[in-house]
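What the coordinates show
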Amino acid sequence: MAAQTLQQPSFLLANLKADSTTKPLLHRCQDLVKIIDEYPAKELHLIFPWLVESVFGSLDGVIAGWNLRFLHSRSNEYNIVMEFLNPSGPMMKLVYKLQAEEYKYEIPVNYLPGPVKACIQEGVLPDCPLFHNKLQFPLSGLLTLNLALNPFEFYMFNFAYCLITPKNHPQGYHGSSTDSAYFVLVDTYLKYFLPGEGNVPPSPFSDSRGSVTAPSPRSSSVSFAGYGVHSPSLLKHHIFHQPTVNADPSAQEIWRTETLLQMFVEIWLHHYSLDMYQKLQSPQVKLALLQYRLSMSSMPCQPHAPPGSGTLHTYQEPFSPTEEHVLVVRLLVKHLHAFSNSLKPEQLSSSPSAHSHTHTSPLEEFKRVVVQRFVQQKLYLFLQHCFGHWPLDASFRAVLETWLSYIQPWRYTGEKTNPQPDQSRTVPDKWESFVQENLLMYTKLFQVFLNRTVRTDLVNAKNALMVFRVAKVFAQPNLAEMIQKGEQLFLEPEHVLHHRQPRGYLTPNQGGSFLSSRQRVMTDVVFKVKSHVYALEGQDCQYKQMFGTELRGGVMKLIQIIAQARQTAKRISDHSNEVSANTSFLSWFGMGSSDHNNTFAGAEPEESGECLKKTHEFLERALENLCQIFKLNQGQLTQLISNLSSSQDDGSSKQLPDCIQSENGLILTDLGRRQIISGLRRFDIHYQGDPELQPIRSYENALLVRLFYKISSLVNERFGGHMSALCSRPDFLGRLGRHYFADHDSATKLKHSPVSRWMLERNRQPRLSLRPLASYRTILMLLLFYMFGALLSFGPISSTLLILTGGFLYGLFMTLFGDKLKTH
């Protein structure tokens, strides 16, 4: 290694790049460990960006890196990667070694989340401290801006960005995202840098530059205003604005915790639509943006800017989070609750005043405000986007559980209590302030979930489970009362607050009452609730009460849909039982029901047996919980369900869904869509393609189907014109020909389906079809007839002539008397 130390850094990087294509991962990691230990920071500085890219992949997704998201414990390289990237492993040692120096690494602004990028390109710097003192605004080329990050920030940015970089699954990949190396590393980093007990372990290198320092004076040309109306901080002295931290050693290490969390939140959650971006612009930001534009327009010679740059209209980010992304966000939420709930009771109960902060460690201070200050707004917007854009399938469970994890912080207190059923688990009163300060997380998202659920097939057991999960969570004792109280505080009239506030600061000696302190507390609580709602929904929001009349009507509508889904599940179960009871050995020969088009609507492969029982159980318990949440009268609920049952007889499922007639056929209405989703009505669906090309049925012989199709095709190709001429004759021979060569059911079948008019009026050409002879039923009947003929001393030729004669006489009879028989 002594000889290698004399090499120039360019040779070191070239050797590492060459080894990356020839050496296995184990040998490469061993070499990197030696290099990190023995080389100085000056030489390691040049290989650090390449090493980070080779591990996490490039930001544009071209370089895959080590594929951490697809690397599972079953792989031989899993333990090697986990040991190398451990928070106290060689890679982090390299980060700390470079962190002790003044090295910076650039990230293009184009890779930042859409709202942040649009804000920066507008010339307004976001309020997140990650972006302070890291950008320079040139006179031209706003799209070429870079973000200068220190080694720890650069490493965490690439690690977080790895989750949202589009990557293709490797061939033969089968595994869950929750046991991948990336997911386990996120969990490990969160436990290490957000500890529930004790402080973050110090870095092995002295770092005087990585500590929290006061932001430098703001530039006069660029506004540092944020683009969100944030609620007032619980901290009178914000962590990021501490003038010095040398007095408390723990404060020198908390910057890593803050940086890690901010990177995760900014990269994973800071995505939403242009409308939401404009909605969240506070008046201060709009004023700063206007001043910036005026200053730019007043310049004597403006630089040429790229077309469309620096405008809000350029921000149209197509954000579609994956299920893996949502699962990692849920992991972050659970860790944050556990981290915040580890705050010591004496610190939690102490008043957040300047006096109390002198005795509180920075980590404890961070726990107090971490959820509300850093996560609440962006998580709310993230979940709202997912609720509105996620497909209506069972994969929504990941989004649902993320939401339920956030609104139940009491599940992550770490307290060892006696296990008890969830229904009897009362929400402690100490969480009332959390519910009030996160009111929209409970009320608005519940309303969005309600609107989503009424468009979901609740006969599916997975969808029914999600409805049950939400109803079960909101039915916890005390929770509904806390939400209702929070709504009352938000709806408190403004003039009442102004009337109460002066009295709140009067002492009894000044004529006030001993209730004045309580009134002042009430005023503060009302202000917090109002500021929370206005921060997330804007000053002009139209708040809909969760326990108001409008939403109560929506809940009653959901109850009707749940009741319909229960009845549909029962009909599917009964129908399946009947089919299974009628199944016999003869059905293999086609003696049973062979109409596969008459399967019950709404039934899926997994919707049978135990799944239907689970569906009924989930929906039954969901109804009970909804009645408990909204204080519904059990008698009225019973009457509603009984009226629904009486209005839907057994024949309702055979009626067509609600439609309107148009030029192109039938068009479903909203009521008709709900009827189909709930399984109450259905179309009589039949195969409408070429009858000869239908899928081979279980009661048909595949070899004979293909053979007879070839014979029929040859006959139809050669004699098709003669058959058409015969069937077009108006006399008796034409009628006889139409009986043998025309499809009598095609027109009637098409009328039962919402197809276009040109399909209804399409005429099929006359042709010979031998496919019925490939049915096992027909083959069995022919064998029985030949056996019966053999018993009567008829030979095969004689039996064949008798069969052909009988078939001709039957066709002759149906041609002469078929119409009369149909009328009768």
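Presented here is an overview of the structure given in this document. (Residues numbered from 1 in each chain as written. Predicted model: local features only at pLDDT ≥ 70, side-chain atom pairs only at ≥ 80, totals over all residues. Heavy atoms only, no water.)

Here the focus is the packing of aromatic side chains. Taken as a whole, this structure holds 33 aromatic pairs when the rule is applied. With 5.7 Å between their ring centres and 15 degrees between their planes, F157 and Y161 make a pair best called stacked. With a gap of four residues between them, F157 and Y161 both fall in helix α8 (residues 151-161), about one helical turn apart. Y161 shares its class with F157; the two are buried. Aromatic ring contacts, followed pair by pair, group F56, F152, Y155, F159, Y182, Y189, Y192, F193, W255, F264 and W268 into a single cluster. One Lys or Arg, R452, reaches over the ring of F396 and ends 3.7 Å from the middle of that ring. The lysine or arginine in question, K530, covers the ring of F490, its NZ or CZ lying 5.1 Å from the ring centre. (Phe/Tyr/Trp six-rings, centres within 6.5 Å; stacked < 30°, edge-to-face > 60°. Helix = DSSP H or I, 4+ residues; strand = E, 2+ residues; numbered from the N terminus. Buried < 20%, exposed > 50% of the residue type's maximum accessible area, 1.4 Å probe, protein only. Lys NZ or Arg CZ within 6 Å of the ring centre and 35° of its normal.)

In the structure shown here, the tally under the stated rule is 22 salt bridges. Note that E324 and R69 form a salt bridge whose closest N and O atoms lie 3.1 Å from each other. Taken as a pair, E324 in helix α13 (residues 323-341) and R69 in the loop between α4 (41-56) and α5 (78-85) lie far apart in primary sequence, 255 residues in all. With a shortest N-O distance of 2.9 Å, E401 and R469 are connected by a salt bridge. Note that E401 is positioned in helix α17 (residues 397-406) and R469 in helix α20 (residues 461-474), a separation of 68 residues in sequence. Among the residues examined, E401 registers a relative accessible area of 9% and is labelled buried. A cluster of three or more residues bridged by salt bridges with shared partners is formed by R330, R397, E401 and R469. (Salt bridge = Lys/Arg side-chain N within 4 Å of Asp/Glu carboxyl O.)

What follows deals with the environment of V525. Relative to the elements of secondary structure, V525 occurs in helix α23 (residues 516-537). Put simply, V525 and S433 are 92 residues apart on the chain and 8.2 Å apart in space, counted from C-alpha to C-alpha. Discounting chain neighbours no more than four positions away, the residues touching V525 are Q436 and L489. (Contact = heavy atoms within 4.5 Å.)

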